[in-house]
Amino acid sequence: MDIEKKDELPLRSATVPTTGDQKTLKRRRCIIICSSILAVILMIALILLILSLTVFKAKKPVLTVNSVALDDFDVNITPLPPKISLNLSLALDLTIKNPNKVSIKYQPSSAILRYKGRDVGDVPIPAGKIGADGMERLNLTVVVFADRLLTDSGIYRDVLGGNLPFSTYTRIKAKARVVFFNVHVTSTSTCDVNIDIGSRNVSNQTCHYKNNLG
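These figures come from a predicted structure and were not determined experimentally.

Draft legend 1. Layout of the pairing of strand 5 (residues 118–125). Across seven bridges, the pairing between strand 4 (residues 109–115) and strand 5 is antiparallel. Paired with R114 across the bridge in strand 5 is D119. Joining the antiparallel neighbours strand 4 and strand 5 is a turn of two residues, in which K116 adopts a positive phi near 55°.

Draft legend 2. Quick peek at the pattern of salt bridges. For the structure shown, the criterion picks out four salt bridges. Between R137 and D93 there is a salt bridge; the shortest N-O distance is 2.6 Å. Here R137 is found in strand 7 (residues 135–143), whereas its partner D93 is found in strand 2 (residues 83–97), with 44 residues between them in sequence. Across the pair K101 and D133 runs a salt bridge, and its minimum N-O distance is 3.1 Å. Of this pair, K101 sits in the loop between strand 2 and strand 3 (104–106) while D133 sits in the loop between strand 6 (128–130) and strand 7, placing them 32 residues apart in sequence. Judged by relative accessible area, K101 falls into the partly exposed class, the value being 45%.

Draft legend 3. Looking closely at the state of the cysteines. Tallied over the full model, the rule gives one disulfide. The residue that forms a disulfide with C191 is C207, at a sulfur-sulfur distance of 2.0 Å. Taking the sign of the S-S torsion, about 110° here, the bridge from C191 to C207 comes out right-handed. Of this pair, C191 sits in strand 9 (residues 181–196) while C207 is found in strand 10 (residues 201–213), placing the two residues 16 residues apart along the sequence. When its relative accessible area of 0% is taken as the criterion, C191 is described as buried. In this structure C30 is not part of a disulfide, and its nearest cysteine sulfur, from C34, lies 6.1 Å away. For C30, a relative accessible area of 47% corresponds to the partly exposed category.

Draft legend 4. Representation of the nonpolar core. Counting 39 residues, the largest nonpolar core has L88, Y106, L140, L149, L164 and F166 as its most contacted members. In terms of residues, this core owes the most to one element, strand 2, which gives seven residues. The contact partners of L149, leaving out residues within four places of it in the chain, are L86, Y115, V120, V144, I155 and F166.

Draft legend 5. A look at the packing of aromatic side chains. Scanning the entire structure with this criterion turns up one aromatic pair. Here the aromatic rings of Y115 and F166 are separated by 5.7 Å at their centres, their planes lie at 50°, and the arrangement is tilted. With Y115 in strand 4 and F166 in strand 8 (residues 163–178), this residue pair connects regions lying 51 residues apart in the sequence. F166 gets classed as buried once you look at its relative accessible area, which sits at 3%. Taking NZ or CZ as reference, R114 lies 4.7 Å from the ring centre of Y169, over its face.

Calculation notes
Each chain has its residues counted from 1, running along the sequence as written. Given that this is a predicted model, residues contribute local features only at a pLDDT of at least 70 and side-chain atom pairs are listed and counted only at 80 or more, while totals for whole chains, interfaces and linings are drawn from all residues. Side-chain numbers come from the whole structure's heavy atoms, not from hydrogens or water. Strands pair, by our definition, only if DSSP identifies at least two bridges between them. Helix and strand definitions follow DSSP, with helices as H or I runs of at least four residues and strands as E runs of at least two, each counted in order from the N terminus. Salt bridges are defined by distance alone: a side-chain nitrogen of Lys or Arg within 4 Å of a carboxyl oxygen of Asp or Glu. Exposed residues in this analysis have more than 50% of their type's maximum accessible area, buried residues have under 20%, and partly exposed residues fall in between, with area computed by a 1.4 Å probe over protein chains only. By definition, disulfides here are pairs of cysteine sulfur atoms that lie within 2.5 Å. Residues belong to one nonpolar core when they are buried, are Ala, Val, Leu, Ile, Met, Phe, Trp, Tyr or Cys, and are joined through side-chain atoms within 4.5 Å. Contacts were defined at the residue level, with two residues in contact if any of their heavy atoms lie within 4.5 Å. Centres within 6.5 Å are what make two rings of Phe, Tyr or Trp a pair, Trp counting through its six-membered ring; a difference in plane orientation under 30 degrees is then read as stacked, over 60 as edge-to-face, and the rest as tilted. By the criterion adopted, a ring carries a charge over it if an Arg CZ or a Lys NZ lies within 6 Å of its centre and within 35 degrees of its normal.

Note that every value here comes from positions in space, so none of it alone points to a role or purpose.
See below:
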């Protein structure tokens, strides 16, 4: 009885990766991981950039002089010898508005009273912090330094004419933290006022405002 012999197929040997193939595979994995990390970083940076240019874009604080009122006023004129004694103080009502979506901190400053370009009085403004979309109201009293004012010969003509021209100058320097950056903003106001000696009232108040970034 014939027994059929089957051709035996040789067993295939398992492919063993070479050292070069292992290095290539590791290199590809590193490239994929690094590319993924870089893509995530770029995406986060892009989102932060968009937010900093839109929602969190730095805006200038708004400094508004609500009113300038006469707080104290007393003037006496002595004809012989010619002499003027003057006591004067002005009440300033200021508002600082923060239009940013982050809080701002403003540095200590001062409100200055000027007579024809010369500083004749001031009042300090302490440092403070205003929350996002917040507002701070300041009520200040500026007292005139009579010795500085009376050294100006023009004061005598103005007193006799019944009208004293003054101007107030206020400057606020603030800092806002936008994303990872500090943005410095400055707001100033200048108000020209006239004091009517006869009625003892402030008249013709005109204010000018200026805001700067940086």
